[in-house]
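Structure assessment
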Amino acid sequence: MIFGNSSVIDLIDRAVNGNKLTHAYLFYGEKGLGKKAIAAHFAKAILCGGEHRPCGVCSSCKKFEANAHPDLTILSGTAEKNELTIANIRKLKADAVVFPNDGVKKVYIISDCQKMQAPAANALLKLLEEPPEHLVLLLTADDRANLLPTIVSRCIPVGIFPVEEADCAKALEALGGVDAEHAALAAKSCGGNIGRGLALLQPENLPVSPDDFCMMLAKRQEYGMLAALSKLSGDKQAYRTFLEALYSRFRDAAVLKSGGKRLLSGSKEAAAALIGSFTTKQLLEKLRVLSHAAKDLDANANIAVLSAWITSSLTGAAEEQVI
Ligand SMILES: [Zn+2]
C-alpha cells in the first residue's frame, strides 16, 4: 500500500492503464520516502494481467506478492550489500534480450543508483540507450545530481516528496504497529518522511540505541557518547533520525517533569534517566541544542565537529546542581 504521493500514483496509473508506458523511469528523493515501495507498485502494475492494473488477484499479481515473479529482477545498492556491480549489470544486459516468461513485459528495479561506480553506471547507460521493446527499467536514487547526466536524461524523472502529516500518521499507524495517538505524535516529528517516522518508532533499527545514549549522558560518559555518534557519521539520514529520537526523549523528560503524561518516545527509562540528570530549564536548553544540531546537519556541517559539539553541549551542565 502506498500512502500519500497521489500524483505519482496517478502517473503510474496513466502509464499502465492509459498505454503511456515508456522504457525507463527514475524515482528520486531522500531516503525514507518510499521510492522502492512506489517502484514495486509500478512493477506489479506493469506485470499484471488483469483489468485495472495492478488488480491484485491475477496469477501475475499473486506471483509478485509471493516474491516469485519470473519477469521481475531487483538489484539494490543498499549499504549492507551493494549489488550494483559491473558484473551484475552486464548479467542484466545479457538477460534483457530474453523474452518475458509470463506476459509481454519484464521489469528491472535498480535501487540506490547513487551507489553505482562509474563502470557499472556506464554498463547501465548502454542498456538504457538500446532497451529491448519488452523491458521497463525502474531506477531509484537519493538525488539526480549523484547520477550520470546521461543516465538521468534517458529516464522519465519522478520526484518523490514528503507526504502530508495526516497521510504520514496513517502510514505510521499501519506500518509501525502503534496506536493512532503515537502515530500522530511521530508524524509531527518526521517531516512527512515515513521511513524516518518508522525509525523514530522503532529505534532498534538505528546503529546506535538512543536509550543507551541517554544512559551514557546521564553518567556523563563523553567518550562513549562520541564513539556512539561516530557510528552514525557515515549515514546522515540515520544521524538525523537519531537526533530526532534523542529530541523525543528530552521532550518526554521535560513533559514528565512538568507533570504531563503523554510520552512520544515510549521510552520511560531514558526519560527517567534524563529527569534525574537535568533540571527543567536544562532539559529545555538541551532541546534547543538538539534542534540546533539538526539544522546544522541539514546545512551539511562537518559531522565530526558537530558530534563533538553535541557531546560537550549535552554534558555541559554536569556541574550544575539538579533541583
Ligand atoms: Zn493483476
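Quantities reported herein were computed from a predicted structural model and do not represent experimental measurements. (Residues numbered from 1 in each chain as written. Predicted model: local features only at pLDDT ≥ 70, side-chain atom pairs only at ≥ 80, totals over all residues. Heavy atoms only, no water.)

**Topic: the domain arrangement of the protein chain**
- The assigned domain composition of the protein chain is domain 1 (6–159) and domain 2 (202–315).
- Here the C-alpha centre of domain 2 lies 38 Å away from the C-alpha centre of domain 1. (Domains from an automatic or database assignment.)

**Things to note about the pattern of salt bridges**
- By the definition in use, this model includes 15 salt bridges.
- A salt bridge links Arg196 to Glu244; its shortest N-O distance comes to 3.5 Å. Here the residue Arg196 occupies a position in helix H9 (residues 194–201), and Glu244 occupies one in helix H12 (residues 236–257), the gap between them amounting to 48 residues. For the pair shown, Arg196 and Glu244 are each scored as buried. (Salt bridge = Lys/Arg side-chain N within 4 Å of Asp/Glu carboxyl O. Helix = DSSP H or I, 4+ residues; strand = E, 2+ residues; numbered from the N terminus. Buried < 20%, exposed > 50% of the residue type's maximum accessible area, 1.4 Å probe, protein only.)

**Quick look at helix H13 (residues 268–277)**
- Every buried residue belonging to H13 is among Ala270, Ala271, Ala273, Leu274 and Ser277, and all of these are buried. Taken down its axis, H13 places every buried residue within 160 degrees of arc, on the same side. In this structure, H13 carries Lys268, Glu269 and Gly276 as exposed residues pointing more than 90 degrees from its buried face.
- Residues of H13 that are buried in the fold lie against helix H10 (210–218), H12 and helix H14 (280–298). (Arc of directions from axis to C-beta. Contact = heavy atoms within 4.5 Å.)

**Points about the coordination of the zinc ion**
- For the zinc ion, the full set of protein donor atoms is Cys48 (SG), Cys55 (SG), Cys58 (SG) and Cys61 (SG), and the range of their distances to it is 2.2 to 2.3 Å.
- Around the zinc ion, the 4 donor atoms sit at angles spanning 101 to 120 degrees, and that spread fits a shape best called tetrahedral.
- Sequence spacing of the donor residues for the zinc ion, all on one chain, is C-x6-C-x2-C-x2-C.
- Judged by relative accessible area, which is 25%, Cys55 ranks as partly exposed.
- We classify Cys58 as buried; its relative accessible area is 16%. (Donors = N, O, S within 2.8 Å, 3.2 Å for Na, K, Ca; no water. Tetrahedral: all angles 85-135°; square planar, octahedral: opposite > 155°, others 65-115°.)

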